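# Structural characterization, general
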Amino acid sequence: MEKILEVQDLRVYYDLPQGTVKAVDGVSFEVYDGEIFGIAGESGSGKSTLALAIPRLLRPPAKIVSGKILFMGRDLLTLDDKDLRKIRGREISMIFQDPNTYLNPVYFTGYQVAEVYEAHRGGAFKKYLGEVVKLFKTVKIADPERRVFTYPHQMSGGMKQRVLISMAIAERPRLIIADEPTSALDVTIQAEIMDLLNEIKKEIRTSIIFITHDLSLLLEIADRIMIMYAGKVVEIGRADEIAKDPMHPYTKALLATLRYERKKRLYTIPGSLPSLIKPPSGCRFHPRCLFAKDVCREKEPQILNINGRKVSCILYGDEYEPGSQS
């Protein structure tokens, strides 16, 4: 498959008065044509910072310290603002978590969607009215001819999320980054949005990076999944492989929290995420890990490539030849 995106050793830090937060610290992964690539982890693991870093939408005090973001072979970190504006919205688009934050309450929703066309093609709202109606039909907004003249406050949460999705697909981008797009919705609407994203992926032949704290959701819709913990990648693999045979202790623990057995207490991971200003030495998960050894407190594990799976854990280091390291 064609490689759409390749992130290499990306580091994104926040310089705060109390110290430097290493929110994304040496993250590498690839996204391929037509796949849904899921990113999961607890709140504070660096998922949203990573999402904003790819199209370079981060604001101070965040800064990209090092790494490469190769989109269709071009390093986005080397482009100027003019070239980035040509890519944002047209080749890479985003679906954000809270529509109320990104929809202007004083403009019709249809007008706001038309702004995507105006930014890249010129012209005014009336010129693109028919296109916006088609988009609303695509995302299954009922009575689209009327809804294009509806204000955000006149729509439900699920419908407003569909408006954001219509913005994201307007120019049929090669990559859509969806950052927790269903977390504010109830389960029924969440399922409808997920089905819609799957349909859109097939219809416009796009790749989707789907970011969430809900691993059970990713196991249903993602082709491959990357697990993040405290700014680091701990495991990458096919969704079915991770579901059947998780390798990293953190992935095992996350899956354990999803299992429910009657008359048994729901499993919780002990402890909490460490400070990203002063993270633990060695493996960042070792203070919460049931399998931690002394070496885990001293040595940071490297990413190992094991039969197409990637895992960052010292437990696997002695079981494979040095050539298996990526």
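Right, let's walk through the structure included here. (Residues numbered from 1 in each chain as written. Predicted model: local features only at pLDDT ≥ 70, side-chain atom pairs only at ≥ 80, totals over all residues. Heavy atoms only, no water.)

### Things to note about the overall build of the protein
For the protein, the helix and strand inventory stands at 12 helices and 12 strands. The C-alpha radius of gyration computed for the protein amounts to 21 Å, which stays within 12% of the reference 20 Å derived for 326 residues, consistent with globular compactness. A principal-axis box enclosing the C-alpha atoms of the protein has dimensions of 65 × 55 × 45 Å. Here the protein holds 326 residues, and 50% of them are scored as buried. Just so you have it, the protein exposes about 16,000 Å², and 49% of that area is on carbon and sulfur atoms. Between the mean site of the 47 positive side-chain charges and the mean site of the 42 negative ones, the protein shows a separation of 2 Å. (Helix = DSSP H or I, 4+ residues; strand = E, 2+ residues; numbered from the N terminus. Rg over C-alpha atoms; globule rule 2.2 N^0.38 Å. Buried < 20%, exposed > 50% of the residue type's maximum accessible area, 1.4 Å probe, protein only. Areas by Shrake-Rupley, 256 points an atom, 1.4 Å probe, with all protein chains shown as cover. Lys, Arg positive; Asp, Glu negative; His and termini not counted. Charge placed at Lys NZ, Arg CZ, Asp CG, Glu CD.)

### What to know about the pairing of strand β7 (residues 175-179)
Counting buried positions over the five residues of β7 gives five, a clear majority of the element. By the alternation rule, side chains of β7 split into L175, I177 and D179 and I176 and A178, which are all buried. Bridge analysis of strand β6 (residues 92-95) against β7 gives four bridges, and the strand direction is parallel. By the bridge assignment for β7, I92 is matched with L175. The pairing of β7 with strand β8 (residues 207-212) spans five bridges and is parallel. Within β8, the position partnered with I176 by the bridge is I208. In this fold, β7 hands off to helix α8 (residues 187-204), which returns the chain to β8; that crossover is right-handed. (Pairing = 2+ DSSP bridges. Right-handed = clockwise from strand over helix to strand, strands pointing away.)

### Comments concerning the sheet that holds strand β12 (residues 309-311)
Taking strand neighbours across the sheet as the criterion, the eight strands line up as β6-β7-β8-β3-β9-β10-β12-β11 in an open arrangement whose pairing is mixed. Looking at the sheet topology across the chains shown, the edges are occupied by β6 and β11 (304-306). Sheet twist, expressed as the mean angle between neighbouring strand axes with direction ignored, is 20 degrees. In terms of strand pairing, strand β10 (residues 232-238) meets β12 through two bridges, oriented antiparallel. What sits directly across from I236, in β12, is K310. Along the sheet face, helix α7 (residues 157-169) touches β6 and β7 and points at about 175 degrees away from the line of β6. Helix-sheet contacts for helix α11 (residues 249-258) involve β9 (224-229) and β10, and the interaxial angle to β9 is about 105 degrees. (Axes fitted to C-alpha atoms, helices over the stretch in contact; angles between N-to-C directions. Contact = heavy atoms within 4.5 Å.)

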